[in-house]
Amino acid sequence: MVKIIYSSQPTKKSSFLSKFIPNRKERKIIILSFLVSAILILSGILLIIANHQQLFTQDFRHYKGTFKQLGSISRIGYFVVISIYPIYFLLKLKKVKNFQWGNFQLKGLLQLLAKLVRKWHVPAALLSTGLIVLHSILAILRGFKVDFTYLTGIASMVVLIFLMFLGLKRFKRTDKQWHFKLAIAFFILFMIHATFS
Ligand code: HEM
Ligand code: HEM
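Every value quoted in this text rests on a predicted model; they were computed, and no experiment measured them. Note on numbering: residues in each chain are counted from 1, in written sequence order. Chain A is the first chain written and ligand 1 is the first ligand written, with later ones labelled in order. Under the rules for a predicted model, residues below a pLDDT of 70 receive no local features and side-chain atom pairs below 80 are neither given nor counted, while totals for whole chains, interfaces and linings still include all residues. Computation of side-chain values covers all heavy atoms of the structure but excludes hydrogens and water.

*Asks:* Got a minute to help me understand the pattern of salt bridges in this structure?
*Replies:* Side chains bearing opposite charge may pair, as long as their charged atoms lie close to each other. By convention in these notes, a salt bridge is any Lys or Arg side-chain nitrogen within 4 Å of a carboxyl oxygen on Asp or Glu. Under the definition given, this model contains two salt bridges. The partner of Arg118 in a salt bridge is Glu26, with the nearest N and O atoms 2.9 Å apart. Highlighted residues: Arg118 in helix α6 (residues 106-141) and Glu26 in helix α1 (residues 24-50), separated in sequence by 92 residues. Relative accessibility decides the category of a residue: with a 1.4 Å probe and only protein chains considered, values under 20% of the type maximum give buried, values over 50% give exposed, and everything between is partly exposed. Look at Glu26 and you get partly exposed, because its relative accessible area is 21%. Put simply, DSSP marks the helices as runs of H or I at least four residues long and the strands as runs of E at least two long, and each gets a number from the N terminus on.

Structure, rendered in structure tokens:
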């Protein structure tokens, strides 16, 4: 005889990520961006393995140009990611909020920008990080130097890892403002790394 158990509560599937990111739609976009980023890193590594002979014998200036380009693209991505702060900050200011010029309302434009950067904040962070992982692998592949550029690069990477983990805690505001503090530290560090290298 088959026993049928009726339950008044539908069984809820709760993934590890749902503990951090309550919104289902947002969770889906983040998982997708994470997968794209992982595929990017994996394909990059496979390409590096397939072309390792050429990469090791290539003129170093030319080789450097390639990984510097990856750094430059992800820098643009991180600008988009960090722009969430000035936009949210401006929206809080009364003077800016009430600014009007004819029919144009600054508040409307800022709200639209805030919505856009909020939607793309995590996907842009994950994709930029995919590129920066490849930038770092290529930078180290032809030898690690104990100099300003390499050390600031490593320091930026270490801060970035903590920043991303605390980003997960930011959804439920349990990060004690550490996501913001580390974002500022990361921004300063990678700008120093990229500008004075
Ligand atoms: C989050 C981490 C990082 C970011 C955002 C970043 C970003 C950048 C950017 C934007 C540039 C300059 C590109 C240009 O001038 O067009 C650069 C250059 C460079 N990065 Fe990184 N990078 C990071 C991590 C690393 C790491 C971990 C290493 C190696 C350990 C590294 C090694 C280098 C080197 C060797 C250069 C070339 C410097 C030169 O012109 O001589 N970077 N990086
Ligand atoms: C996977 C990585 C990341 C996740 C999951 C994440 C998540 C979040 C969340 C949920 C917020 C709050 C947005 C709101 O108030 O509605 C936020 C804000 C913010 N994030 Fe991220 N973030 C990530 C990466 C980054 C990176 C790489 C940077 C820096 C380049 C950054 C800088 C900021 C800043 C400046 C804010 C605004 C201040 C704050 O509310 O703490 N985030 N982030």
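*Asks:* I keep staring at the site of ligand 1 and nothing clicks. Help me out?
*Replies:* Any residue with at least one heavy atom within 4 Å of a molecule or strand is counted as near it. Neighbouring ligand 1 are 23 residues, the closest being Lys64, Lys68, Ser72, His135 and His193. Contact distances for ligand 1 include 2.8 Å between an oxygen atom and a side-chain N or O atom of Lys64. Within the side chain of His135, a nitrogen or oxygen atom sits 2.9 Å from a nitrogen atom of ligand 1. Given that more than half its atoms are within 2 Å of the pocket grid, ligand 1 belongs to the second largest pocket. At the level of secondary structure, the elements contributing two or more residues to the shell around ligand 1 comprise α3 (60-82), α6, α7 (148-170) and α8 (178-195). In protein, a polar contact means a hydrogen-donor-capable atom and an acceptor-capable atom, both N or O and within 3.5 Å, with residues adjacent in sequence counting only if both atoms are side-chain atoms; elsewhere, any N or O pair within 3.5 Å suffices. A 1.4 Å probe that fits but cannot get out identifies a cavity on a 1 Å grid over protein atoms alone, an open set with protein on both sides within 12 Å along at least five of seven lines counts as a pocket, and a residue lines either if it has an atom within 4 Å of a point. More than half of a molecule's atoms within 2 Å of the grid points is what it takes for that molecule to sit in a cavity or pocket.

*Asks:* What's the story with the domain arrangement of the chain in this structure? I'm lost.
*Replies:* Many structure descriptions define interface size as the accessible area lost when the parts assemble. Residue ranges assigned to each domain were obtained from an automatic or database domain assignment. According to the domain assignment, the chain contains domain 1 (23-51 + 59-143) and domain 2 (145-197). The gap between the C-alpha centroids of domain 1 and domain 2 is 14 Å. Contacts: residue pairs with any heavy atoms within 4.5 Å of one another. Each partner contributes to the interface: domain 1 provides 20 residues, whereas domain 2 provides 16 residues. Using a 1.4 Å probe, buried area is obtained as the accessible area two parts lose upon being combined, added over both of them. Between domain 1 and domain 2 lies a buried interface of about 1300 Å² when both sides are counted; carbon and sulfur atoms form 78% of it. Ranking the residues of domain 1 by area buried against domain 2 places Arg75, Tyr78 and Ile82 at the top, with a combined share of 31%. Run the count over domain 1 and domain 2 and you get zero salt bridges. Along the contact surface separating domain 1 from domain 2 lie one residue pair in polar contact (both at pLDDT 80 or more). Where the side of domain 1 that touches domain 2 is concerned, the elements lending two or more residues are α1, α3 and α6.

*Asks:* Sorry, what's going on with the layout of surface pockets here?
*Replies:* Think of a ball as big as a water molecule: rolled over the atoms, this probe shows where empty space is left. Grid points are joined across faces, edges and corners, and a volume is the space filled by probe spheres set on the points. Roughly 1300 Å³ of volume is contained in the largest pocket. Considering the residues around the largest pocket, the lining is formed by 42 residues, among which His121, Val122, Met164, Gly167 and His179 are closest to the centre. Of all the elements in the fold, those that place two or more residues in the lining of the largest pocket are α1, α3, α4 (84-92), α6, α7 and α8. Ranked by residue count, the leading element in the lining of the largest pocket is α7, at nine residues. Gly is placed with the polar residues, together with every amino acid not listed as nonpolar (Ala, Val, Leu, Ile, Met, Phe, Trp, Tyr, Cys and Pro) or charged (Asp, Glu, Lys and Arg). Considering only residue class, the lining of the largest pocket consists of 31 nonpolar, seven polar and four charged. Taken together, domain 1 (23-51 + 59-143) and domain 2 (145-197) each give at least three residues to the lining of the largest pocket, which thus spans both. Its volume calculated, the second largest pocket comes out at about 720 Å³. For the lining of the second largest pocket, the elements supplying multiple residues, two or more each, are α3, α6, α7 and α8. For the lining of the second largest pocket, the element with the highest residue contribution is α3, accounting for nine residues. In the lining of the second largest pocket, the residues fall into 14 nonpolar, ten polar and five charged. Formed jointly, the lining of the second largest pocket draws a minimum of three residues from each of two domains, domain 1 (23-51 + 59-143) and domain 2 (145-197).

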